[in-house]
Amino acid sequence: MSFFQEENDEYEDVSTVMVRNSHLDLMDQDILYHLALGSGSHDLRAMFGDVKFVCMGGTPKRMEQFAYRLMEEISYKIPTGTTLQDISRYSYRYSMYKVGPVLCISHGMGMPSVGILLHEIIKLMFHAKVVDPVFFRIGTSGGIGLEGGTVIISDEAVDGTLQPHLELQILGKTVKRSSVLDKKLQWELKSLAEPDDPYPTVIGKTVCTSDFYEGQGRMDGAFCDFTEEERMEYLEKLKFNGVRNIEMESLAFAALTHHAGIKAAVVCVTLLDRLKGDQIHYPKEVLDEWQQRPQKLVCRYIKKYLSKRGLILNNHCGSVNVKSPRRFKLVQQESESYD
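Keep in mind that what you see is a predicted model, and the values were worked out from it rather than measured. (Residues numbered from 1 in each chain as written. Predicted model: local features only at pLDDT ≥ 70, side-chain atom pairs only at ≥ 80, totals over all residues. Heavy atoms only, no water.)

Some remarks on the pattern of salt bridges
Counted under the stated rule, the structure contains 15 salt bridges. Taking the shortest distance from any N to any O, the salt bridge between Asp50 and Lys98 comes out at 3.0 Å. On the criterion of sequence distance, the pair formed by Asp50 in the loop between α1 (44-48) and β3 (53-57) and Lys98 in strand β4 (residues 96-99) is long-range, its members being 48 residues apart. Taken as a pair, Asp50 and Lys98 share a single burial class, namely buried. (Salt bridge = Lys/Arg side-chain N within 4 Å of Asp/Glu carboxyl O. Helix = DSSP H or I, 4+ residues; strand = E, 2+ residues; numbered from the N terminus. Buried < 20%, exposed > 50% of the residue type's maximum accessible area, 1.4 Å probe, protein only.)

Comments concerning the UniProt feature "binding site: substrate" (unreviewed entry) in the chain
Under the UniProt annotation, "binding site: substrate" (unreviewed entry) lies at Gln216 and Arg218. With respect to the helices and strands, the residue Gln216 is situated in the loop between β10 (201-208) and α5 (228-240). Here Gln216 falls in the buried class, since its relative accessible area comes to 4%. In contact with Gln216, not counting residues within four places along its chain, are Thr209, Asp211, Leu235, Ile246, Glu247, Met248 and Arg274. (UniProt positions renumbered as here; feature names shortened; annotations may be inferred. Contact = heavy atoms within 4.5 Å.)

Comments concerning unusual backbone geometry
Peptide bonds are mostly trans, and most non-glycine residues show a negative phi. In this structure, Asp132 is a non-glycine residue whose phi angle is positive, near 50°. Take Asp132: it is sitting in the loop between α3 (111-127) and β6 (134-143). Its identity as a non-glycine residue notwithstanding, Leu162 has a phi of 70°, on the positive side. Within the secondary structure layout, Leu162 lies in the loop between β7 (151-158) and β8 (165-170).

Side note on the nonpolar core
Counting 41 residues, the largest nonpolar core has Leu37, Phe48, Ile121, Leu124, Met125 and Phe135 as its most contacted members. Among the secondary structure elements, those contributing two or more residues to this core are α1, β3, β5 (102-106), α3, α6 (250-259) and β12 (263-273). It is α3 that provides the largest number of residues to this core, a total of 8 residues. Counting residues in hydrophobic clusters, the runner-up holds 32 residues, among them Leu84, Ile138, Ala265 and Ile302. (Core = buried A, V, L, I, M, F, W, Y, C linked by side-chain atoms within 4.5 Å.)

Details of the side chain of Asp30
Relative to the helices and strands, Asp30 is located in the segment before β1 (31-32). A polar side-chain atom of Asp30 sits 2.9 Å from a polar atom in the side chain of Lys123. Here His127 takes part through its side chain, which lies 2.9 Å from a polar atom of the side chain of Asp30. Ignoring sequence-local partners within four residues, the contact set of Asp30 consists of Leu24, Leu37, Gly38, Ser39, Lys123 and His127. (Polar contact = N/O pair within 3.5 Å; in protein donor to acceptor, adjacent residues only side chain to side chain.)

Examining α6
In terms of burial, α6 is a largely internal element, 8 of the 10 residues being buried. Count one or two residues on from α6 and you reach Gly261, which has phi positive near 70°.

Quick look at helix α2 (residues 60-73)
Under the 1.5 Å per step criterion, the end-to-end length of α2 is 20 Å for 14 residues, consistent within 8% with the ideal 20 Å. Of all the positions in α2, only Arg62, Met63, Phe66, Ala67, Arg69, Leu70 and Met71 are classed as buried. Residues of α2 that are buried sit in contact with β3, β4, β5, β6 and α7 (284-309). (Expected span 1.5 Å × (residues − 1).)

Printed below as a string of structure tokens:
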């Protein structure tokens, strides 16, 4: 089998994305509150049925920049008189841009934020009858024994106790969901690292925490009840167990995409080596260039995919296909009311 499997470019009648909720069938329409979209108000299949890749990153600005970068990488042209639109601008929460078969979306900070987004993006893929999408999280992290600027492809997402599952409290009970990432996708990405890249690209475990400060063993927060020796013992333990970086989204990202049957990968850059300190002292222009490194790798993957397929893009940059103006107004009002 070749690097990328061949597939039918025609839209399918049924999505391969698994939405495990029979209650959705009983709803008049499914309002995706935090995206300002709805299954009854918008023609989601017309808008998103051709999506193949969903790329997520922390901030709206970063994902807007990634969308424009992607346009250059795949030579995507916007029709004269139009512009790249934030499709979810009426939600005031996340930003979403569409460049041909690629969605570029900001997921905010931490597992609760990325979890809310994933619920709605997974449902969006289902309603749009998307077949075999590939999800990427593109972000920043703290390195474990790796210098700043290193690109890390996560082979496993684990919690702070090195357990490879996401724990959720549902109806007062603890539910565990395995945080599995696609192994083949990891090595396909690794194969796209070029010999003349002025930085290393490695594969390793990623620890995901629910906190930026104490949860990551930082000593520069408002509270710290552990010693420098205890901190170093923990970080060295992570390194010994194959952990290469720490961040705050990969566990939820891996668990929810796996639960939906979606192929997914996490690609991050390190901003510092946590074994050497907690605070970042590099100039802004250096950090800006580092943050483009995981974007570059994912762009190479997408570009190679499109090149292999000879895929003809349809110049759909995110115009809103409204099939019910009344319901569209309702979706806007509902989205604006969910603070």
